[in-house]
Amino acid sequence: MSDPLPPAAALRRIAFLLERAREPTHRVSAFRTAAAVVDTLGPDELDRRIRTRTLTDLRGIGPKTGAAIAQAHAGEVPEYLARLEETYGDLLPLADDVAELRSRLRGDLHVHSDWSDGGSPIREMAEAAIGLGHDYMALTDHSPRLTVANGLSPERLERQLDVVAALNEELSPFRILTGIECDINVDGSLDQTDELLGRLDVVVASVHSDLRAESAAMTERMLAAVANPYTDVLGHCTGRLLVPREQREGRRQRPRPESTFDAEAVFSACVEHGTAVEINSRPERLDPPLRLLNLAVELGCEFAIDTDAHAPGQLDWQGNGCERAVECGVRTEHVVNSRTADELLDWTAG
Ligand SMILES: [Zn+2]
Ligand SMILES: [Zn+2]
């Protein structure tokens, strides 16, 4: 990340990197607050304040944030941001074509908040996405049946839609797309009312139970979900876990192998029904495995490169998915979240 950002975006990027560096919360929020102040100023007012050196007269802007704003406004990368980028910007260096693909992603279609099993409020997730330069994020909390993950009943999902609408007024032009990570029931139906599924912008359908079912049953189940007109994305298709992980309330999940199913049939159905195959970037999932990702590419699938983030810092995991996408020859035009929000919504509505 070396292209200059507009002032507010530069401040949010600084906040994001400070958070990743585990700096104290008050230092992180100083930059978020300053970004919010900049958002309220028109370009002329910002210009005038910088010329007359009265930026720091504004509540919420100090010498450090003021300097960063002035440098970003002049079209430079603020010095402070450049230093942070050097230390924390790329914990792993990305090859050029991976970085290129990553820079083309405009949003994330699989994100959790503290309404289900995520750790942070919706607003913090959205602000982190803004800090990454994203235009949108689909909020996809769990569905009712997944009680261990505090899945949302129809009533709670209705309430969440109102909360998202209010946040969208505030955060515009950034857009929180309404959504769900919907359990695929054992019979292949989806775990939410059709009425609500029809109102959501993005539906990610995932298998979270009976993962060891025999191949024929699992194939039928997934085929039904992929063909469901409300389904937009097939989430972490094999369900594998590469390393153990901690869950809420101290529960510990052991690694588990892939579910078995007829991948050729399921991916072909994805092509037929316009359902994107998720490339899940969580380090313990990295799902689908490369062998299946290659197969999906060969069959002509579209993809969503998602983080499945449960915390703001995890929104930065898309590099993992991009690496695998590049390795398997996924083309950018087949990645649905490289599209603008409007193009994406045309696609999910279709
Ligand atoms: Zn899931
Ligand atoms: Zn998820």
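The coordinates are above.
If you're wondering where the values come from, they're calculated on a predicted model, not measured in any experiment.

Peer 1: Teacher, can you tell me more about the layout of surface pockets here?
Peer 2: In this approach a probe as big as a water molecule rolls over the atoms, and the regions it shows empty are the leftover space. If you add up the space inside the second largest pocket, you get close to 470 Å³. What lines the second largest pocket is a set of 28 residues, among which Asp117, Arg245, Gln247, Gln253 and His310 lie closest to the centre.

Peer 1: Even after reading the chapter, I still don't get the coordination of the zinc ion (ligand 2), so can you show me in this structure?
Peer 2: Reference geometry at the metal: tetrahedral coordination by four donors gives ideal angles of 109.5 degrees; octahedral coordination by six donors gives 90 or 180 degrees. At 2.1 to 2.2 Å from the zinc ion (ligand 2) lie its protein donor atoms, namely His110 (NE2), His112 (NE2), Glu181 (OE) and Asp308 (OD). Seen from the zinc ion (ligand 2), its four donor atoms lie at angles of 82 to 170 degrees, and the figure they make is irregular. All donors to the zinc ion (ligand 2) come from one chain, and their sequence spacing reads H-x1-H-x68-E-x126-D. Between the two metal centres, the zinc ion (ligand 2) and the zinc ion (ligand 1), the spacing is 3.5 Å, with Glu181 acting as a shared donor. Taking the relative accessible area as the measure of exposure, His110 reaches 0% and is therefore buried. Taking the relative accessible area as the measure of exposure, His112 reaches 0% and is therefore buried.

Peer 1: Any chance you could explain the nonpolar core here in plain terms?
Peer 2: Nonpolar side chains in soluble globular proteins generally cluster together in the buried interior. Within the largest apolar cluster, 86 residues are counted, with the highest numbers of intra-cluster contacts made by Met137, Ile176 and Phe267. Ranked by residue count, the leading element in this core is helix α1 (residues 7-20), at eight residues. Leaving out residues up to four positions away in the same chain, Phe267 has contacts with Cys237, Val277, Leu292, Leu295, Ala296, Leu299 and Cys301. Judged by nonpolar contacts, the second largest core, of 14 residues, contains Ala138, Val202, Val233 and Ala276.

Peer 1: Quick question: what am I supposed to make of the coordination of the zinc ion (ligand 1) here?
Peer 2: Those donors, Glu181 (OE), His208 (NE2) and His236 (NE2), are the protein atoms that reach the zinc ion (ligand 1), and they lie 2.1 to 2.2 Å from it. One chain supplies every donor to the zinc ion (ligand 1), and in sequence these donors are spaced E-x26-H-x27-H.

Peer 1: I keep staring at the sheet that holds strand β8 (residues 276-280) and nothing clicks. Help me out?
Peer 2: Pairing between sheet strands relies on hydrogen bonds along the backbone, with the strands arranged either parallel or antiparallel. What the seven strands build is an open sheet, ordered β1-β2-β3-β4-β5-β8-β9; its pairing is parallel. Two strands lie at the open edges of the sheet, namely β1 (107-111) and β9 (303-306), each paired on one side alone. Looking at chain direction, β1 and strand β2 (residues 136-139) are connected through three bridges and run parallel. The residue bridging Asp108 from the neighbouring strand is Met137, located in β2. Contacts from helix α8 (residues 154-171) reach β2 and β3 (175-183) within the one sheet, and its direction differs from that of β3 by about 155 degrees.

Peer 1: Just to check I follow, could you spell out the packing of aromatic side chains for this structure?
Peer 2: Summed over all chains, the structure comprises one aromatic pair. An angle of 20 degrees between the planes, with centres 5.6 Å apart, marks the rings of Phe31 and Tyr80 as stacked. You can see Phe31 sitting in helix α2 (residues 25-40) and its partner Tyr80 sitting in helix α5 (residues 79-89), a full 49 residues away along the chain. The residues Phe31 and Tyr80 share a single accessibility class, namely buried.

Peer 1: Just checking my understanding: could you explain helix α14 (residues 341-349) for this structure?
Peer 2: All of the buried residues along α14 are Ala341, Leu344, Leu345, Trp347 and Thr348. Viewed end-on, α14 has its buried residues packed into an arc of 160 degrees, placing them on one side of the element. Turned more than 90 degrees off the buried face of α14, the exposed positions are Asp342, Asp346 and Ala349. Buried positions along α14 lie against β1, β2, β3, β4 (202-206), β5 (233-234) and β8.

Peer 1: It is not clear to me how the packing of α2 against helix α4 (residues 63-73) should be interpreted in this structure. Could you clarify?
Peer 2: Between two packed helices, what matters for the description is the angle formed by their axes and the separation of those axes. Interhelical geometry of α2 versus α4 gives an angle of 50 degrees and a closest axis separation of 10 Å. Accordingly, the angle class assigned to the pair α2 and α4 is oblique. Like other packed secondary-structure pairs, α2 and α4 cross with a definite hand, here right-handed. Residues Arg27, Ala30, Phe31, Ala34 and Val38 of α2 lie in contact with α4, whose contacting residues are Lys64, Thr65 and Ile69. Here the residues of the contact of α2 with α4 are counted per class, giving five nonpolar, one polar and two charged.

Scoring rules and cut-offs
- Residues numbered from 1 in each chain as written.
- Chains lettered and ligands numbered in written order.
- Predicted model: local features only at pLDDT ≥ 70, side-chain atom pairs only at ≥ 80, totals over all residues.
- Heavy atoms only, no water.
- 1 Å grid on protein atoms, 1.4 Å probe; cavity = no way out; pocket = protein on both sides within 12 Å on 5 of 7 lines; lining within 4 Å.
- Points joined across faces, edges and corners; volume = space filled by probe spheres on them.
- Donors = N, O, S within 2.8 Å, 3.2 Å for Na, K, Ca; no water.
- Tetrahedral: all angles 85-135°; square planar, octahedral: opposite > 155°, others 65-115°.
- Buried < 20%, exposed > 50% of the residue type's maximum accessible area, 1.4 Å probe, protein only.
- Core = buried A, V, L, I, M, F, W, Y, C linked by side-chain atoms within 4.5 Å.
- Helix = DSSP H or I, 4+ residues; strand = E, 2+ residues; numbered from the N terminus.
- Contact = heavy atoms within 4.5 Å.
- Pairing = 2+ DSSP bridges.
- Axes fitted to C-alpha atoms, helices over the stretch in contact; angles between N-to-C directions.
- Phe/Tyr/Trp six-rings, centres within 6.5 Å; stacked < 30°, edge-to-face > 60°.
- Arc of directions from axis to C-beta.
- Parallel < 35°, antiparallel > 145°, perpendicular 65-115°, else oblique.
- Left-handed = near helix turned anticlockwise from the far one by under 90°.
- Nonpolar A, V, L, I, M, F, W, Y, C, P; charged D, E, K, R; others polar.

Note that every value here comes from positions in space, so none of it alone points to a role or purpose.
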